[in-house]
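Structure assessment
Below are the chains, spelled out letter by letter.
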Amino acid sequence: MLGKSKRLLVLPLYAVLSAGLPALAWASEWPLNMTEGVTSISRQVHGLHMQIFWWCVAIGVVVFGVMFYTMFVHRKSRGVKPAHFHENVALELTWTIIPILILVAMAVPATKTLVHIYDTEDADLDILITGYQWKWKYEYLDENGDNISFFSLLSTPRSQIENAEAKSPEYLLEVDEPVYIPIGKKVRFLVTAADVIHSWWVPALAVKRDAIPGYIHEAWTKVEQPGVFRGQCTELCGKDHGFMPVVVHAVEQAEFDAWLEGKREKARQIAEAVKQTLTFQELYDQGEAVYQKNCAACHQPDGKGIPGTFPAIIRSPIATGPVAGHINRVVNGGAGMPPFGEQLTPVEIAAVVTFQRNAFGNNMGDQIQPIDVVNFKQGQ
Amino acid sequence: MAHGPAKGLTRWLYTTNHKDIGSMYLWFSFAMFFLGGIFALVIRAELFEPGLQIVQPEFFNQMTTMHGLVMVFGAVMPAFVGLANWMVPMMIGAPDMALPRMNNLSFWILPFAFAMLASTLFMEGGGPNFGWTFYAPLSTTYAPPSVTFFIFAIHIMGASSIMGAINIIATILNMRAPGMTLMKMPLFVWTWLITAYLLIAVMPVLAGAVTMMLMDIHFGTSFFDAAGGGDPVLFQHVFWFFGHPEVYIMILPAFGVVSAIIPTFARKPLFGYSSMVYATAAIAILSFMVWAHHMFTVGLPFIGEWVFMIATMAIAVPTGVKVFNWVTTMYKGALTFETPMLFSIAFVILFTIGGFSGLMLAIAPADFQYHDTYFVVAHFHYVLVPGAIFSITAAVYYWLPKWCGRMYDEVLGKTHFWLAFIGLNLTFFPMHFSGLAGMPRRIPDYNPLFANWNMLSSVGAFLFGAAQVLFLYIVIRAIVSGRKATDQVWEGAHGLEWTVPSPAPYHTFTTPPKVD
Amino acid sequence: MEKGTRKTVLRLALSAVLMFVAVFTIMPPLYTLLCEVTGLRKVGGAYEAEEIKVDAERWVNVQFVATHNDAMPWEFRPMTYKVKVNPGQKTVIKYFAKNNTDRPMVAQAVPSITPFSAVNYFHKIECFCFNHQPLEGGESAELGLEFVVDQDLPKQVTTITLSYTLFDITEQAKPGLAQLN
């Protein structure tokens, strides 16, 4: 009976722990419950979760209580003679009606929260989120079209994933470009996808929205306190589904404005940077970094690809063919590869093309400057 | 008229005998159970620690997909069809299934379907890697080339299931012994009758879904492609219109098994027989109206979200009636705890826990946090493993003496039970916690925050796997050298199947028995 | 077969057929009803322009966004990002599209509207999304959209977002391409 009584022990234990005992030291290693989060929706959801949980515990105590009582008392080995009753209409009606009442009691607050979630009041900030295999793109919508947009990729180094290095606490939950939102403001997320279905989830905001190619759906949040909130893609989207996290920085309005201005400034710098000429080594080194971050997921860190799915870079007809064709493939994509023209700056494209043409024994010897990429794009 | 089975391999190839076909179904599902189990252990081995150790993400996704497909279509469904083949004719006093040749066909196409499915793992580009729910466009535009073989395999499995279901309905409706009215049938027969109707209703829907996929992939249609006016969400609607009744297909016969075993070892008739029948029917009907609760985060209109939430919560009522009936059946009985009873009691407790988490998942706003996390994985494994797998195991222990005329070893049986019980809870209970803490499902690697629970789950999974190897040994040992069983086998057993000798002769009830 | 048996078989077969006919007759309208009640059915296509009164008292924001699907290298963006309109008032806006490649391509824009409660009240009178959009390599075009917001738009909706996702359908639309050349 030890195994079954274990169950009876675990449930109240879990209940007590999650009911608000001060966070124990080991709670960070043995997390038990859903986060309360930092928005009114997430608190309501947490409340619903605890409420239905306690109903389940109560029902469980009654049902399993009767069951264990009968298992201990009504044993043949104790010389019990079996009774022969096999129906009782009143009893059966009771246990049909009581659950219905409990369900109604649950449905009322659940409906209220649902109404809250579906609120369509105007937002202070609209962010268009697009899911890609395997990264997120954020676009801050501006009335005048002065949109800020960037991609957000996993920044955990391969060495940690392959266990060559110790894992950081933010392992797989860190990105190069987090999405910033101001606190105390209503932020509306417009969620869509560019290839397969993804799902954008941040537990602390209780926002989970499927990103569906061709369709747009919305969700909103109003974060009450500053902080960094992490989440992940929650819809299987292919090979690196486990490697496309979401990181939200909720900050004061002033800090948010400064960040936004910084982004605009950076966009101007990128436009400037295309005019410079880089040395082969500069291009190669930067290209290697860009490759490992953007290309290695499919073409593999060693350039060998995955036969049948992702072609190799080594001796590939594109990386060893005409330069224009190579730039074209990176900028415009094709043959199943997504276009990177928007995602990478001309400097990065020039660098990664130079790298691919000279690394992995390709040794083409040529180098491509940012201005070549700009000219290619304009010449189209 | 009385003659024995043919000799050699042709006995099994050409057989139209319901007992032979039932045995083949059961052995086949046992083999698939181990195959799916190996896939599961690959998953658990990779998830033992954070970081990538054993397999690459690409192969990991193939493992999660194949594990789901093999367990659902290869292990659980054929096992229940096998039980139906063996037991339904014997329970209603029929000499055989109504359509014996179709019975043979519906079994023998299965090995080909699964050989084809398994062979995709060795194809270029790998096997199906889009999850057992195969959402478009991941399973269409972005699928590996082997997807066509996957589609064909699903078609064959569907054809097999539909034939099996037609056979069962025909048998139950036409071949009952004189006096065996519908409301006198054992509950296992009732639940299978309702399950068979569910199968006929939804397997064509699944076939339709995969056919539309096939057309999208090869013939330029765009059912699920927004570019041509289609809708990827349509796929999910169609899939879950099949998928939700499908989960009841996997659980209703389990209700029947448990409703046969508990009265036997409580030595007391089943409480509320007719309400059990009505509750089963109610669950089956409701199962057609709740499919979108798998899609709460997909972006449904408010009213859609609300209706599906309420309908889903309503399922708790008939399901609750069943649980209360089983508990009341035990109440004031004279209980003994042989292995089948242990598995049945564990079924009631653990299935109820799975039901609780199901109720939590039904609350649409809360589902925004649970959806596609390990909490969902914990939920459906709590209903499917103690639900389907434990009830099948209980059924095997319960009826094995009737099938082969020999008893299993009670000590080993109980050992098997406790290993499986502990292994199961160790595997799946921590998943509630890792899910609530924020771990998405179907990921090959995770943050160290989830590490402890995952390590426990992995340890539990290997324990559970080892317990099933013991099960195989117990079954073989019973067949080869078990103690002779009596005809009655169990003191408290009632029903026509216990009136025939043990082992059951090759042909039973060639003259129908009289039922009062 | 005995006469009695034959009768039973006939009756059973007939009732089975009747049952299936009944199911197939009853179920589609029932599910249509369910889909309508739950709002699962999406409404699209051109709007039959009818005379409706302009509600000058009420203003609704209409926001336009653009997404590229996967390997779609075109430049594609709205030329107006946000307009304020009165329900009932016809409005025309434009999207800009440019084929950045050196080969002729055909695109299809797929519209999507959020929030849900606005879907049935946003009417497209004329839309580039009704047709395939073929463009030569390097060619650009301004694509027009004429729409009207229904006066019956639920009061709580103050912003409607219209998104277009541009898909590359060059492969599927070979005939259209031939026309272009």
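Residues numbered from 1 in each chain as written. Chains lettered and ligands numbered in written order. Predicted model: local features only at pLDDT ≥ 70, side-chain atom pairs only at ≥ 80, totals over all residues. Heavy atoms only, no water.

Observations regarding the overall build of chain A
The number of helices and strands found in chain A is 9 helices and 10 strands. Along the first, second and third principal axes, the C-alpha set of chain A runs to 95 × 50 × 40 Å. Counting the 380 residues in chain A, one finds 55% classified as buried. Once local pairs closer than 6 in sequence are excluded, the contacts in chain A between residues at least 24 apart make up 63%. When the accessible surface of chain A is split by element, carbon and sulfur atoms take 60% of a total near 16,100 Å². (Helix = DSSP H or I, 4+ residues; strand = E, 2+ residues; numbered from the N terminus. Buried < 20%, exposed > 50% of the residue type's maximum accessible area, 1.4 Å probe, protein only. Contact = heavy atoms within 4.5 Å. Areas by Shrake-Rupley, 256 points an atom, 1.4 Å probe, with all protein chains shown as cover.)

Some words on the interface of chain B and chain A
Counting residues at the interface gives 104 residues for chain B and 101 residues for chain A. Carbon and sulfur atoms make up 71% of the surface buried where chain B meets chain A, a total of about 8,800 Å² over both sides. Close ionic contact of A:Lys76 with B:Glu491 constitutes a salt bridge, the shortest N to O distance being 3.0 Å. Put simply, chain B and chain A have 29 residue pairs in polar contact (both at pLDDT 80 or more) between them. Put simply, the parts of the chain that give the side of chain B that touches chain A at least two residues each are helix H3 (57–92), helix H7 (232–249), helix H10 (302–314), helix H11 (316–330), helix H12 (339–362), helix H13 (364–370), helix H15 (410–436) and helix H16 (451–481) of chain B. Ranked by residues supplied to the side of chain B that touches chain A, first place goes to H12(B) with 10 residues. In the side of chain B that touches chain A, the residues fall into 67 nonpolar, 24 polar and 13 charged. (Buried area = accessible area lost by both parts, 1.4 Å probe. Salt bridge = Lys/Arg side-chain N within 4 Å of Asp/Glu carboxyl O. Polar contact = N/O pair within 3.5 Å; in protein donor to acceptor, adjacent residues only side chain to side chain. Nonpolar A, V, L, I, M, F, W, Y, C, P; charged D, E, K, R; others polar.)

A short note on the state of the cysteines
Throughout the structure, instances matching the rule amount to 1 disulfide over all chains. The closest cysteine sulfur to the non-disulfide-bonded A:Cys295 is located on A:Cys298, 8.8 Å from its own sulfur. (Disulfide = S-S within 2.5 Å.)

Let's talk about the interface of chain A and chain C
Taken together, the contacts link 32 residues of chain A with 34 residues of chain C. In this assembly, chain A and chain C are joined by 0 salt bridges. The interface formed by chain A and chain C includes 9 residue pairs in polar contact (both at pLDDT 80 or more). Contributing elements (two or more residues each) for the side of chain A that touches chain C: strand E1 (125–132), strand E5 (187–193) and strand E8 (217–221) of chain A. Here the residues of the side of chain A that touches chain C sort into 12 nonpolar, 11 polar and 9 charged.

Description of the nonpolar core
If you look at soluble globular proteins, the nonpolar side chains tend to sit buried side by side. In this structure, A:Tyr140, A:Trp200, B:Phe73 and B:Trp399 are the most contacted members of the largest nonpolar core, which totals 289 residues. Counting residues per element, this core draws most heavily on H3(B), at 22 residues. Residue contacts for A:Trp200: discarding those within four places in its chain leaves A:Ile129, A:Trp136, A:Tyr138, A:Phe189, A:Val191, A:Val207, A:Lys208, A:Arg209, A:Val246 and A:Val248. With 33 residues, the next largest nonpolar core counts C:Phe122, C:Cys129, C:Leu143 and C:Tyr164 among its residues. (Core = buried A, V, L, I, M, F, W, Y, C linked by side-chain atoms within 4.5 Å.)

Digging into helix H5 (residues 253–273) of chain A
Counted at 1.5 Å a residue, the expected span for H5(A) with its 21 residues is 30 Å, and the 30 Å between its end C-alpha atoms agrees. On its buried side, H5(A) packs onto E1, strand E2 (135–140), strand E3 (148–152), strand E4 (179–182) and strand E10 (245–251) of chain A. (Expected span 1.5 Å × (residues − 1).)

A closer look at the domain arrangement of chain A
Residue and element names in this part refer to chain A. Considered domain by domain, chain A is made up of domain 1 (34–117), domain 2 (125–263) and domain 3 (274–379). A C-alpha centroid distance of 38 Å is found between domain 1 and domain 2. Listed as interface residues are 10 residues of domain 1 and, on the opposing side, 11 residues of domain 2. In this assembly, domain 1 packs against domain 2 so that about 840 Å² is buried in total across both faces, 60% of it on carbon and sulfur atoms. Broken down residue by residue, the surface that domain 1 buries against domain 2 is led by Val38, Thr39 and Ile41, which jointly contribute 54%. Here domain 1 and domain 2 share 1 salt bridge between them. The salt bridge involving Arg43 is made with Glu224; its shortest N-O contact spans 2.3 Å. Across the domain 1-domain 2 interface, the total number found is 7 residue pairs in polar contact (both at pLDDT 80 or more). Only helix H2 (40–73) and helix H3 (89–117) provide two or more residues apiece to the side of domain 1 that touches domain 2. Counting residues per element, the side of domain 1 that touches domain 2 draws most heavily on H2, which supplies 4 residues. (Domains from an automatic or database assignment.)

Observations regarding a positive patch on the surface
Side chains of C:Lys3, C:Arg6, C:Lys7 and C:Arg11 sit close together on the surface and give a patch of like positive charge. Checked against the element boundaries, C:Arg11 lands in helix H1 (residues 3–38). (Patch = residues over 30% accessible without salt bridge, like charges linked within 9 Å, V, L, I, M, F, W, Y side chains within 5 Å. Lys, Arg positive; Asp, Glu negative; His and termini not counted. Charge placed at Lys NZ, Arg CZ, Asp CG, Glu CD.)

Digging into the pairing of E2(A)
All names here are of chain A. Most of E2 is tucked away, with 6 of its 6 residues classed as buried. Every second residue of E2 is oriented toward a common face, with Lys135, Lys137 and Glu139 on one face and Trp136, Tyr138 and Tyr140 on the other, all of them buried. Looking at chain direction, E1 and E2 are connected through 6 bridges and run antiparallel. Note on E2: the bridge partner recorded for Ile129 is Tyr138. Where E1 hands over to E2, the hairpin turn is made up of 2 residues, counted between the paired strands. As defined by bridge partners, E2 adjoins E3 across 5 bridges and the pair is classed as antiparallel. Paired with Tyr140 across the strands is Ile148, a residue of E3. (Pairing = 2+ DSSP bridges.)

A closer look at the packing of aromatic side chains
If you walk through the whole model with that rule in mind, you get 79 aromatic pairs over all chains. Ring geometry for A:Tyr140 against A:Phe150: centres 6.2 Å apart, planes inclined by 25 degrees, an arrangement best described as stacked. Here A:Tyr140, found in strand E2, pairs with A:Phe150, found in strand E3; they are 10 residues apart in sequence, far enough to count as distant. The same class applies to A:Tyr140 and to A:Phe150, which are both buried. Here the aromatic rings of C:Phe76 and C:Phe128 are separated by 6.5 Å at their centres, their planes lie at 75 degrees, and the arrangement is edge-to-face. One end of the pair, C:Phe76, is in strand E2 (residues 75–78); the other, C:Phe128, is in the loop between strand E6 (122–127) and strand E7 (133–135), and 52 residues separate them in sequence. Here C:Phe76 and C:Phe128 have matching classes, each one buried. Above the plane of the ring of A:Trp220 lies A:Lys186, whose end atom (NZ or CZ) is 4.7 Å from the centre. (Phe/Tyr/Trp six-rings, centres within 6.5 Å; stacked < 30°, edge-to-face > 60°. Lys NZ or Arg CZ within 6 Å of the ring centre and 35° of its normal.)

A short note on the environment of A:Phe85
Residues and elements named next belong to chain A. Mapped onto the elements of the fold, Phe85 is located in the loop between H2 and H3. Owing to a relative accessible area of 30%, Phe85 belongs among the partly exposed residues under this scheme. Separated by 117 residues in sequence, Phe85 and Val202 place their C-alpha atoms 53 Å apart.

As for the sheet that holds E6(C)
Residue and element names in this part refer to chain C. Sheet architecture is open: 4 strands sit in the order E2-E4-E8-E6, paired in antiparallel fashion. Of all the strands in the sheet, just E2 and E6 have a single pairing partner and so form its edges. Strand-to-strand twist across the sheet, computed as the mean angle between neighbouring axes with direction ignored, equals 25 degrees. Sheet topology places strand E4 (residues 91–98) next to strand E8 (residues 140–149); 8 bridges connect them, and they run antiparallel. Along E8, the bridge assignment pairs Tyr95 with Leu143. (Axes fitted to C-alpha atoms, helices over the stretch in contact; angles between N-to-C directions.)

Side note on the sheet that holds E5(A)
Residues and elements named next belong to chain A. Strand order in the open sheet formed by 5 strands is E3-E2-E1-E5-E8, with mixed pairing between adjacent strands. Every interior strand has two partners, whereas the edge strands, E3 and E8, have only one. Ignoring which end each strand starts from, the neighbouring axes of this sheet average 25 degrees apart. Contacting E1, E2 and E3, H5 runs over the sheet at an angle of about 90 degrees to E3.

So, the confidence of the model for chain B
Mean pLDDT over chain B: 94, with 99% of residues reaching 70 or higher. For this predicted complex, the interface confidence reaches an ipTM of 0.91, while the overall pTM sits at 0.88. (pLDDT = per-residue confidence, 0-100.)

Notes on unusual backbone geometry
Across the junction of A:Gln133 and A:Trp134, the peptide omega takes the value 0 degrees, indicating a cis bond. By the element assignment, A:Trp134 lies in the loop between E1 and E2. Going from B:Ser502 to B:Pro503, the amide bond is cis rather than trans, its omega being -5 degrees. By the element assignment, B:Pro503 lies in the segment after H16. Even without a glycine there, the phi angle at B:Lys332 is positive, about 65 degrees. Assignment of secondary structure puts B:Lys332 in the loop between H11 and H12.

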